[in-house]
Amino acid sequence: MPLNPAFAGRVYPATAPYLVGREKIREFAAAIGDTSCDTDDDPAAPPTFAIALTLRAEVEVVSDPELGLDLTRLLHREQRFEHRRPITDGDELTVTVTISEVGRVGGTDMVTLTSELHTVAGEHVCTTTSTLIAQGDD
Amino acid sequence: MTEPRPQYDAVTPGTALPRLTHVIRRGDLVRYAGASGDLNPIHWSERAATGAGLPTIIAHGMLTMGVAMRLVSDWAGRRAVLECGGRFARPVVVPDDEEGVELVVDGVVAEKLDGSRVRIDLTVRCGGEKVLARPRAVVTLN
């Protein structure tokens, strides 16, 4: 079943603020094999850390049954990060998700989402772009 | 010990970054799932993975990208990475054994940009095959 094209262009309300903690940064870094902050005391997060906030918000958006995406076949196709500055310990961040594209290529449903991370004070920290897909049976 | 950071004036297109290798085992997927909040069951349930049409459990694309971008952040520092990204071209299949799978990450300075920035083009391989398409980063150097 094709995805609902009416979802393209939708902008969702900002998520509740997420407080970035030092131990969460360490846990995420360790999970990708990065132990550098154990030695240099830099509270900056690894450059892909924003995914811990954005993917959850984006999966919630694409889980709307009205969109028509088959979540049992959900795969991550593409991901980009653009930082104004690194995410650091103590940042309190909201995520604003926009569905920028909805489409189908071959038998694959594709949704492209843009997420903007702002501090609760309104500072723009990072923009991410992700493409999520659900492949057909064939 | 921290390696000295690269200087903008000292790098040229073609400057190679030190190769990084990283082994992923099933347990690493559980760890990444918890750390990232990506609980998609295709990364820990054989039943969910095969039900989604995959041969078996695969690594999170963002685990692969996270490991790959360490090449850049180890070289220039986490704070230096302004942009990064890529496309997940091929799944990284993770067998249920002790050996796991090995990622091999290489990178090269592709272009010097204004504002003391450089673009790094990466190559991310698993079993000799490229698993990320156009993995790139832009970093700012001193």
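Above this text you will find the structure in question.
What you see is a predicted model; the values in this text were computed from it and never measured.

What counts, and where the lines are drawn
Residues numbered from 1 in each chain as written. Chains lettered and ligands numbered in written order. Predicted model: local features only at pLDDT ≥ 70, side-chain atom pairs only at ≥ 80, totals over all residues. Helix = DSSP H or I, 4+ residues; strand = E, 2+ residues; numbered from the N terminus. Buried ≥ 20, exposed ≤ 12 C-beta atoms within 10 Å, placed from the backbone. Contact = placed C-beta atoms within 7 Å. Nonpolar A, V, L, I, M, F, W, Y, C, P; charged D, E, K, R; others polar. Pairing = 2+ DSSP bridges. Core = buried A, V, L, I, M, F, W, Y, C linked by C-beta atoms within 7 Å.

*Asks:* Before we move on, can you summarise the overall build of chain A with the specific residues and values?
*Replies:* When helices and strands are counted, chain A shows three helices and five strands. Seen in sequence order, chain A has helices and strands lined up from the N terminus as β-α-α-α-β-β-β-β. For chain A, the spread of C-alpha atoms along the three principal axes comes to 50 × 30 × 20 Å. Residues classed as buried in chain A amount to 35% of the 138 residues present. Taking all contacts inside chain A whose residues are at least 6 apart in sequence as the whole, residues at least 24 apart take part in 74%.

*Asks:* Tell me about the overall build of chain B, and please be specific about residues and values.
*Replies:* The helix and strand tally for chain B stands at three helices and six strands. Mapped from its N terminus to its C terminus, chain B presents α and β elements in the order β-α-α-α-β-β-β-β-β. Along the first, second and third principal axes, the C-alpha atoms of chain B reach 50 × 30 × 25 Å. Relative to its 142 residues, chain B shows a buried fraction of 40%. Nonlocal contacts in chain B, meaning residues at least 24 apart in sequence, comprise 64% of its contacts between residues at least 6 apart.

*Asks:* Describe the interface of chain B and chain A, listing the residues and the values that go with them.
*Replies:* The interface is formed by 31 residues belonging to chain B together with 31 residues belonging to chain A. Going through the elements one at a time, α1 (26-36), α3 (61-76) and β2 (81-88) of chain B are the ones with two or more residues in the side of chain B that touches chain A. Looking at which element gives the most residues to the side of chain B that touches chain A, the answer is α3(B), with 10 residues. Its residues assigned to classes, the side of chain B that touches chain A shows 12 nonpolar, 11 polar and eight charged. As paired strands, strand β2 (residues 74-83) of chain A and β2(B) are joined by five bridges and run antiparallel to one another. When the sheet's bridge partners are listed, A:R80 is paired in β2(B) with B:G85.

*Asks:* Account for the nonpolar core, with residues named and values stated.
*Replies:* Formed by 72 residues in total, the largest nonpolar core has its most connected members in B:A68, B:V72 and B:V139. Here this core gets 10 residues from one element, more than from any other, and that element is α3(B).

*Asks:* Let's hear about the pairing of strand β3 (residues 101-112) of chain B: which residues, and what values?
*Replies:* Side-chain direction in a regular strand flips from residue to residue, so the side chains alternate between the two faces of the sheet. Residues and elements named next belong to chain B. Across seven bridges, strand β1 (residues 16-24) lies against β3 in antiparallel orientation. By the bridge assignment, H22 is partnered in β3 with L103. Sheet topology places β3 next to strand β4 (residues 117-126); nine bridges connect them, and they run antiparallel. Bridge assignment links V104 to a residue of β4, and that residue is R125. Linking two consecutive strands that pair antiparallel, namely β3 and β4, is a turn of four residues; a positive phi of about 65° is found at G115 within it.

*Asks:* For unusual backbone geometry, give the residues involved together with the corresponding values.
*Replies:* Residues and elements named next belong to chain B. Unusually for a residue other than glycine, S116 sits at a positive phi of about 60°. Position of S116 relative to the elements: it lies in the loop between β3 and β4. Owing to 14 C-beta atoms within 10 Å, S116 belongs among the partly exposed residues under this scheme. Unusually for a residue other than glycine, R134 sits at a positive phi of about 45°. Residue placement: R134 occurs in strand β6 (residues 132-140).

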